[in-house]
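Descriptive structure summary
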Amino acid sequence: MTDQHRYYVLDSSDVVIQVSTALHETMGRFLGHSLWESMPRAELIFRPYFEEARQTGREVEFVAFYGGGTTRLRIVPSGRALTVHPTRLSELNVRTLGTLVASLRQIEAELAVQARAPLDLRAHGSPQALP
Amino acid sequence: MAVGDRAGRYIVLDGDYRIVEVGPAAEAGFGPLLGQVILDAFPDSRALYRPYYERAKRTREPVAFAQYYDGYVMHVGLEPVGSKLIVTWDKLVMLDVLTLDGLKASLHNALSAISTWEDRLTRQRRRETFRVVEHDA
């Protein structure tokens, strides 16, 4: 399933106004509520990217650690509203110190890729950019 | 059994490390596992806990240690009673996995807690050794 099927929509105040069927189980209860009330401490991490999408009118994509794992979020603006497509990449495995270290290394690598080479979103969305 | 001071947070293992009794406060986590060998119920804990179980079983002396498992640093106490082993525990630190900052801070706390407990247990063992030496002298 592509991220086209997994999305939620925020209004200009970051209130969740729509949740796709694929995300309903995990995010359906957030409908009608501010995303920041539903996802404590996420505002500091996500909001700068959301604001960038609103201000530039362009898609923004980033990888963030939140809620025990990494997620790639693709933000598609439409005026002040945003459609957010989240894709879970990896989970922190807290079972033993060994699994914790291994999963932290993977997460570190995922976040480092983004830090080294921020995605060119215009190219990313364009088939002409492919070799 | 001297487990009243643990507010019912204990389990009892038989000689094969089978859970044969579960304290009232441990019922939610361990009740469904009654009758199972604890090391089979949590196979990835085998390397972390078995050496301590073996030591308590072999020496017939109480054993205490700090251990990380499943998102928690716990202080664990083992008390041999007859052929059985009473296991008690206190959660010292819970990992905060919500954000990276929270994770970093809680990992720091977890490592500090383990270090503090190791120091405390080392000092305790040293005191016990001195007492034995003084007694023998």
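Refer to the preceding data block for the structure.
Treat the numbers as computed from the prediction; the structure is a model and nothing was measured.

For the rest of this paragraph, the subject is a positive patch on the surface. Residue and element names in this part refer to chain B. A surface patch of positive charge is lined by R120, R123, R126 and R127. Inspection of the secondary structure puts R126 in helix 4 (residues 100-136). For R126, a relative accessible area of 47% gives the class partly exposed.

Okay, the pattern of salt bridges next. Residues and elements named next belong to chain A. Counted by the stated rule, this structure contains 14 salt bridges over all chains. Across the pair R47 and D14 runs a salt bridge, and its minimum N-O distance is 3.9 Å. Note that R47 is positioned in helix 3 (residues 43-56) and D14 in the loop between strand 1 (8-10) and strand 2 (16-19), a separation of 33 residues in sequence. Since its relative accessible area comes to 34%, R47 is described here as partly exposed. R74 is the salt-bridge partner of E59, the closest N and O atoms lying 3.4 Å from each other. Here E59 is found in the loop between helix 3 and strand 3 (60-65), whereas its partner R74 is found in strand 4 (residues 69-78), with 15 residues between them in sequence. For E59, a relative accessible area of 33% gives the class partly exposed. Salt bridges linked by common partners bring D14, E43, R47, E51, R54 and R80 together as one network.

The next point concerns the pairing of strand 3 (residues 63-69) of chain B. Burial analysis of strand 3 of chain B places six of its seven residues in the buried class, the great majority of the element. Remark: two residues form the turn of the hairpin made by strand 3 of chain B and strand 4 (residues 72-81) of chain B, two consecutive strands paired antiparallel; D70 of chain B in that turn has positive phi of roughly 55°.

Residues and elements named next belong to chain A. Overall, antiparallel pairing links the five strands, which are arranged 2-1-5-4-3 in an open sheet. Both edges of this open sheet fall to strand 2 and strand 3, since each of them pairs with a single strand only. On average, adjacent strands in this sheet sit at an angle of 25° to one another, irrespective of strand direction. Here strand 4 runs beside strand 5 (residues 81-91); their pairing, made up of ten bridges, is antiparallel. Bridged to P77 within strand 5 is L82. Sitting on the sheet, helix 3 is in contact with strand 1, strand 3, strand 4 and strand 5, with an inclination near 180° to strand 3.

About the cut-offs
Residues numbered from 1 in each chain as written. Chains lettered and ligands numbered in written order. Predicted model: local features only at pLDDT ≥ 70, side-chain atom pairs only at ≥ 80, totals over all residues. Heavy atoms only, no water. Patch = residues over 30% accessible without salt bridge, like charges linked within 9 Å, V, L, I, M, F, W, Y side chains within 5 Å. Areas by Shrake-Rupley, 256 points an atom, 1.4 Å probe, with all protein chains shown as cover. Salt bridge = Lys/Arg side-chain N within 4 Å of Asp/Glu carboxyl O. Lys, Arg positive; Asp, Glu negative; His and termini not counted. Charge placed at Lys NZ, Arg CZ, Asp CG, Glu CD. Helix = DSSP H or I, 4+ residues; strand = E, 2+ residues; numbered from the N terminus. Buried < 20%, exposed > 50% of the residue type's maximum accessible area, 1.4 Å probe, protein only. Pairing = 2+ DSSP bridges. Axes fitted to C-alpha atoms, helices over the stretch in contact; angles between N-to-C directions. Contact = heavy atoms within 4.5 Å.

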